[in-house]
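So you can see what is in the structure, the chains are spelled out below.
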Amino acid sequence: MTQPSQTNSQSLLDRYLHAVRFWLPKAQQQDIVNELSEDLHAQIEEQESALKRPLNESELEAILKRCGSPIIVASRYRPQKYLIGPALFPIWQFVLKLVLVWVLLPILVVVIGPALVSASSRWQPAVWQTFSMLCTVLISTAAAITIVFAVLERLESRLRLLDRWNPHSLPPAPRTEKRPSRTQSVFEIITGVAGLLWLLALPHYPFLVLGPLAEFLKAAPLWPRFYLPMALLAILGVAYQCVGLFRPQWTWLPPAGRLLNTLLSLAILHFLIELSAPTQAGIWQPYVVVREGFENSAQCVRVAGLVNVSVLLSLVGTWIGLCIAAAVQAWRLTRQIRERISQAHLRAI
Amino acid sequence: MSHGTKNPQLFENLRLELRRGCLIVAVLAQLRTEQYGYTLRKALADDGLAIDQGTLYPLLRRLESQGLLVSQWREEDKRNKRFYRLSPTGEPILRQLLDEWNNINQSLGRILQEA
């Protein structure tokens, strides 16, 4: 008669083999389980003959634990399969990062998000709409990129496209970190100071920006609010260029300064564009107005309207350009920081 | 500087990588005489090259699918066992692998002497 503990042990062994079988390739299930079962029985017999008694449940458990978890044991019989193999993985990772982090995220956060928020009367639903759009777009794009790469992986294993490469088609090696030349820095300071002087002269000499139209057009009342931030931004630009001249070894300063300037310019432009939006009465906030004495001239009013539309379009165009510039500058700065970190790491080794 | 003592996982990974190729040669060499899985494992362990069944059986199947081994189910001691032996295709491959192994061993010896 079978002992209760032996029955339990047999049941434990059967359960183990059944669990292994579940994860095995169908065609080989029986064959593999038979062989594994034979090995386990041989181990049990050997231990039993050493102990001169049947194994108890915990001793059998120890043998099974040594053998490994059913899913791991079964996985070793399967050929290694990848959705995206090691050859294409770095390219997939690079494309994913480029598209999600450097293209979609900035477009959604800097362009579409603020556009939705400014177009909506309440900001909370607009922020939520932006966030849900962000999640949907990022997840679906990541899935689409992964599917494309999974297909490429299948093709690559057959066509071996990566093996067909030519050393002459390699991209040029990156240039070593270059300090800006002194002449370049001096020239940048001169142009920065000239720009600042031009900005400071504008309130007194409007023809500097309006040209002959300054005779009958003048800046709208909204400009004084932005004048100080714009002047401070120009001073900041000159300041970091001066620091760069005296500290050329601070190679991180020009890209960091440019990025800061771009971001601050974006903020100012955003408010400038937002202020031009029509009021509740449907009146557009102008950037230029007709001078006293010319209000009754239909031609002057028409020219003022054209100038206002041109200014608005230029501001929007500049804003889009600065968004792209910010993304590029952020990417360059990150790359420079990474290079510095990896160089420091190499030096440490 | 001993990375092995600082990072046991790293050492374990490198050890497994080093063993992987050696195990194939050892299994092929052992199977110049017919054996079944359990006795093969015991023989390898007795010679100082312990291998767990989760590694050995998939390896045997792979070597058989590559034509280096042949197998046969047979009853022995009232139990069905699968017996493996080196195939005619496997014999010259084993000789080549052993030559390669000797070359690597000699090169390593020279490198270590130079060091």
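Everything quoted here is computed from the prediction, not taken from an experiment.

Enumeration over the complete set of coordinates arrives at six aromatic pairs over all chains. Aromatic pair A:F89 and A:W92: ring centres 5.3 Å apart, planes at 45 degrees, arrangement tilted. Of this pair, A:F89 and A:W92 both sit in helix α5 (residues 89-119), separated by three residues, roughly a single helical turn. Exposure remark for A:W92: the relative accessible area of 16% places this residue in the buried category. Pairing A:W223 with A:Y287 gives two aromatic rings, centres 6.1 Å apart and planes at 50 degrees, and the pair type is tilted. Taken together, the residues A:W223 in helix α9 (residues 223-246) and A:Y287 in the loop between α10 (253-275) and β2 (288-290) connect sequence positions 64 residues apart. Taking the ring centre of A:W331 as reference, the NZ or CZ of A:R335 above it sits at 4.8 Å. Its guanidinium or amino end placed over the ring of B:F83, B:R74 lies 4.2 Å from that ring's centre, counting from NZ or CZ.

So, about the confidence of the model for chain B. Put simply, chain B has an average pLDDT of 90, and 95% of its residues get 70 or more. Both confidence scores are given for the complex: pTM 0.55, ipTM 0.80.

The next subject is the layout of surface pockets. Over the atoms a probe the size of a water molecule is rolled, and this reveals where empty space is left. Residues and elements named next belong to chain A. Its boundaries defined by the atoms lining it, the largest pocket holds a volume of some 1000 Å³. Around the largest pocket, the lining is made up of 35 residues, and of these W198, L199, L202, W223 and M230 lie nearest the centre. Elements with a contribution of two residues or more to the lining of the largest pocket: α7 (182-201), α8 (207-210), β1 (217-219), α9, α10 and α11 (298-348). It is α9 that contributes the most residues to the lining of the largest pocket, nine residues altogether. In terms of residue class, the lining of the largest pocket is built from 26 nonpolar, seven polar and two charged.

A side chain of one charge can pair with a side chain of the opposite charge when the charged atoms of the two come close. Evaluation of the coordinates by the stated rule reveals 15 salt bridges over all chains. Here A:E38 makes a salt bridge to B:R79, at a shortest N to O gap of 3.0 Å. With A:E38 in helix α2 (residues 29-51) and B:R79 in strand β3 (residues 79-86), this residue pair bridges two chains. Of the two residues, A:E38 and B:R79, neither departs from the other in class, the shared state being buried. The partner of A:E59 in a salt bridge is A:R53, and the shortest N-O contact between them spans 2.7 Å. Residue A:R53 is classed as partly exposed on the basis of its relative accessible area, which comes to 35%. Several salt bridges converge on common partners, so that one network encompasses A:D31, A:E35, B:R61, B:E64 and B:R82.

Ranked by size, the top nonpolar core spans 43 residues in total, and within it A:Y16, A:L36, A:L40, B:V27, B:L60 and B:L69 carry the most contacts. Elements with a minimum of two residues in this core: α1 (4-23), α2, α3 (57-67) and α4 (70-75) of chain A together with α2 (8-30), α3 (37-46), α4 (53-65) and β3 of chain B. Residue contacts for B:V27: discarding those within four places in its chain leaves B:L40, B:L44, B:L56, B:L59, B:L60 and B:L63.

Another point: the interface of chain A and chain B. The figure often quoted for interface size is the accessible area lost as the parts come together. Counting residues at the interface gives 17 residues for chain A, matched by 18 residues for chain B. Taken together, both faces of the contact between chain A and chain B bury some 1600 Å²; the carbon and sulfur share is 44%. Per-residue buried area on chain A facing chain B is highest for A:E35, A:E38 and A:D39; these three make up 37% of the total on that side. Across the pair B:K42 and A:E46 runs a salt bridge, and its minimum N-O distance is 2.3 Å. Considering only residue class, the side of chain A that touches chain B consists of six nonpolar, four polar and seven charged.

Attention now moves to helix α6 (residues 123-159) of chain A. Over its 37 residues, α6(A) extends 52 Å from the first C-alpha to the last, a length consistent with the 54 Å expected when each residue adds 1.5 Å. Listed in full, the buried residues belonging to α6(A) are A:A126, A:T130, A:L134, A:T141, A:A142, A:I145, A:T146, A:F149, A:A150, A:E153 and A:E156.

To continue, consider a nonpolar patch on the surface. Nonpolar side chains collect at one region of the surface, where A:I147, A:V148, A:V151, A:L152, A:L155, A:L159 and A:L161 lie side by side and expose about 580 Å² of accessible area between them. Take A:L161: it is sitting in the loop between α6 and α7.

Residue and element names in this part refer to chain B. Taking strand neighbours across the sheet as the criterion, the three strands line up as β1-β3-β2 in an open arrangement whose pairing is antiparallel. Single-partner strands in this sheet number two, and they are β1 (35-36) and β2 (69-76). Bridging between β2 and β3 involves eight bridges; their strand directions are antiparallel. The residue of β3 that forms the bridge with L69 is L86.

This part is about the packing of α3(B) against α4(B). Residues and elements named next belong to chain B. Where α3 contacts α4, the two axes come as close as 11 Å, and the packing angle between them is 120 degrees. As the angle between them shows, α3 and α4 are arranged oblique. Here α3 runs over α4; the crossing is right-handed. Taken together, the residues of α4 that come into contact with α3 (itself represented by G37, Y38, L40, R41 and L44) are Q53, L56, Y57 and L60. Tallied by class, residues from the contact of α3 with α4 come to six nonpolar, two polar and one charged.

What counts as what
- Residues numbered from 1 in each chain as written.
- Chains lettered and ligands numbered in written order.
- Predicted model: local features only at pLDDT ≥ 70, side-chain atom pairs only at ≥ 80, totals over all residues.
- Heavy atoms only, no water.
- Phe/Tyr/Trp six-rings, centres within 6.5 Å; stacked < 30°, edge-to-face > 60°.
- Helix = DSSP H or I, 4+ residues; strand = E, 2+ residues; numbered from the N terminus.
- Buried < 20%, exposed > 50% of the residue type's maximum accessible area, 1.4 Å probe, protein only.
- Lys NZ or Arg CZ within 6 Å of the ring centre and 35° of its normal.
- pLDDT = per-residue confidence, 0-100.
- 1 Å grid on protein atoms, 1.4 Å probe; cavity = no way out; pocket = protein on both sides within 12 Å on 5 of 7 lines; lining within 4 Å.
- Points joined across faces, edges and corners; volume = space filled by probe spheres on them.
- Nonpolar A, V, L, I, M, F, W, Y, C, P; charged D, E, K, R; others polar.
- Salt bridge = Lys/Arg side-chain N within 4 Å of Asp/Glu carboxyl O.
- Core = buried A, V, L, I, M, F, W, Y, C linked by side-chain atoms within 4.5 Å.
- Contact = heavy atoms within 4.5 Å.
- Buried area = accessible area lost by both parts, 1.4 Å probe.
- Expected span 1.5 Å × (residues − 1).
- Patch = residues over 30% accessible without salt bridge, like charges linked within 9 Å, V, L, I, M, F, W, Y side chains within 5 Å.
- Areas by Shrake-Rupley, 256 points an atom, 1.4 Å probe, with all protein chains shown as cover.
- Pairing = 2+ DSSP bridges.
- Axes fitted to C-alpha atoms, helices over the stretch in contact; angles between N-to-C directions.
- Parallel < 35°, antiparallel > 145°, perpendicular 65-115°, else oblique.
- Left-handed = near helix turned anticlockwise from the far one by under 90°.

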